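A look at the structure
Residues per chain, in single letters:
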Amino acid sequence: MAKLRVPVGPGDHVQGPADAPVTLVEYGDYECPHCGRAYPMVKALQKEFGNRLRFAFRNFPLRELHPHAEAAAETAEFAAEHKKFWEMHDLIFENQSALSERLLGQLAERLGLDANALRESLRSGEFSERVAHDFSGGVRSGVNGTPTFFINGARHDNSYDFATLADAIKKAATTHQ
Amino acid sequence: MTSKVLPPGTQAPDFSLPVTPDQKLSLSELRGRPVVLAFYPADWSPVCGDQMALYNEIMPEFHRFNAEVLGISVDGVWCHAAFAHDRKLHFPLLADFEPKGAVARRYGAYRDADGTSERALFVIDKDGVIRWSYISPIAVNPGADGILDALEQLPK
């Protein structure tokens, strides 16, 4: 069974308490339709488990398949610099079907961020290393497509629908105690 | 039932298979550098970032080890050509098509019941010796962590 090699740490984008019994890590691609389908599942899981679940999102853009995935990932990292990571993460997934660089600029403006600064950041690749760091950590952990989930460090080799993930999370919570 | 997958320490059986409609590739041609031989059941699995697409994304990681990656399935050359074009693959796909699955059988990586190969991975060293082999459950894309670990452990 593949194991998460890079533990969740201060460099991660995290929702939920650090001492939650279960940590769910998603390696995702903003342009991947499967990740788009997983997005509301994760929201529902967070609602279901509340403070018992910590969620971290890491970048795994499939650049060869998805021409906007890298820019989207860097845009979320740009937003993170302005403490708006999750707002941007959500907005991108909610507008996934219309993803383009122009749209990313519009989303930035909607969050009160400077679209010109974003354009410059994407051009210079300001956050490309950050995204690449997530990516290679994912590769070494056995990420095998998007989305790939890890529950308390173990790769979830099963469907990402709500019921299956919820079951796996409950099981992990029991083991943890 | 599947036969037993060839274990580390075994000389990798040589083969010569079509990579394009008019070209063949032999394993022995790649002597001198490590080879990742990745058997998979079929082209066109309906997910983003399937096994071959994933390897394609991480080519730079394989190139750090000077490794050649070869995908291999029982699909024919024209099927491979269409699949590779669609997924923009930057490495060869071998057609283990006629006699069907013959190479997979020699590596202990054929599924008689399904008529396809296993998801079987082999890391072969520069002298043509298998240094690592792994069969993944057929429904589980094994990712690349095991391959990269094995490449890292090859003697320089």
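On a predicted model such as this, the values are computed, not experimentally measured, just so you know.

Moving on, we come to the overall build of chain B. The number of helices and strands found in chain B is 5 helices and 9 strands. On C-alpha atoms alone, chain B measures out to a radius of gyration of 14 Å, which is about the 15 Å that the 2.2 N^0.38 rule sets for 156 residues. The dimensions of chain B, computed from C-alpha atoms along their principal axes, are 35 × 30 × 30 Å. Residue pairs in contact within chain B that sit at least 24 positions apart in sequence constitute 66% of those at least 6 positions apart.

What follows deals with the sheet that holds strand β4 (residues 68-73) of chain B. Residue and element names in this part refer to chain B. Taken in spatial order, the 5 strands line up as β5-β4-β3-β8-β9 in an open sheet, and their pairing is mixed. The open sheet has two edge strands, β5 (93-95) and β9 (130-136), and neither has a second partner. On average, each strand axis in the sheet is inclined to that of its neighbour by 20°, with strand direction left out of account. Against the sheet, helix α5 (residues 145-153) engages β3 (35-39), β8 (119-124) and β9, with an angle of about 15° to β8.

Turning our attention to helix α2 (residues 69-81) of chain A. Residues and elements named next belong to chain A. Its 13 residues give α2 an end-to-end C-alpha distance of 19 Å, which sits within 8% of 18 Å, the value for a rise of 1.5 Å per residue. Across the 13 residues of α2, 11 count as buried, placing the element largely inside the fold. Regarding α2, the residues found buried are A69, E70, A71, A72, A73, E74, T75, A76, E77, F78 and A79. Contacts from the buried residues of α2 go to β3 (53-59), α3 (85-94), α4 (101-110), α5 (115-124) and α6 (128-141). One or two positions beyond α2, positive phi appears at K83, with a value near 60°.

Once that is clear, we can look at the environment of I135 of chain B. Residue and element names in this part refer to chain B. If you trace the backbone, I135 turns up in strand β9. C-beta crowding within 10 Å serves as the criterion here: with 16 such atoms nearby, I135 is assigned to the partly exposed category. Excluding residues within four positions of it along the chain, I135 makes contact with V5, A109, E118, R119 and A120.

Another aspect to go through is the interface of chain B and chain A. How big an interface is tends to be stated in terms of accessible area lost as the parts join. On the chain A side, the residues contacting the 18 residues of chain B number 18 residues. If you list the elements that add at least two residues to the side of chain B that touches chain A, you get α1 (51-57) and α5 of chain B. Element by element, the count of residues in the side of chain B that touches chain A is highest for α1 of chain B, at 4 residues. Class assignment of the residues belonging to the side of chain B that touches chain A gives a composition of 9 nonpolar, 4 polar and 5 charged.

It is worth spelling out the pairing of strand β2 (residues 23-26) of chain B at this point. Residues and elements named next belong to chain B. Two elements, strand β1 (residues 16-20) and β2, share 4 bridges in a ladder whose sense is antiparallel. Paired with P18 across the bridge in β2 is K24. Turn length for the β1-β2 hairpin, with the two strands adjacent in sequence and antiparallel, is 2 residues.

Our next topic: the nonpolar core. Nonpolar side chains in soluble globular proteins tend to end up buried together. Membership of the largest hydrophobic core comes to 89 residues, with the highest contact counts inside it found for A72 of chain A together with V36, A38 and F122 of chain B. When residues of this core are assigned to their parent elements, the largest contribution, 7 residues, is made by α2 of chain A.

Residue and element names in this part refer to chain A. Here strand β2 (residues 22-28) lies mainly inside the structure; 7 of its 7 residues are buried. Relative to β3, β2 runs parallel, the two being bridged by 7 bridges. Among the inter-strand pairings, L24 is bridged to a residue of β3, identified as F55. In terms of handedness, the path from β2 via helix α1 (residues 33-49) over to β3 forms a crossover that is right-handed. Bridge count between β2 and strand β4 (residues 148-151): 4 bridges; the pairing is antiparallel.

Reading the values: rules and limits
- Residues numbered from 1 in each chain as written.
- Chains lettered and ligands numbered in written order.
- Predicted model: local features only at pLDDT ≥ 70, side-chain atom pairs only at ≥ 80, totals over all residues.
- Helix = DSSP H or I, 4+ residues; strand = E, 2+ residues; numbered from the N terminus.
- Rg over C-alpha atoms; globule rule 2.2 N^0.38 Å.
- Contact = placed C-beta atoms within 7 Å.
- Pairing = 2+ DSSP bridges.
- Axes fitted to C-alpha atoms, helices over the stretch in contact; angles between N-to-C directions.
- Expected span 1.5 Å × (residues − 1).
- Buried ≥ 20, exposed ≤ 12 C-beta atoms within 10 Å, placed from the backbone.
- Nonpolar A, V, L, I, M, F, W, Y, C, P; charged D, E, K, R; others polar.
- Core = buried A, V, L, I, M, F, W, Y, C linked by C-beta atoms within 7 Å.
- Right-handed = clockwise from strand over helix to strand, strands pointing away.

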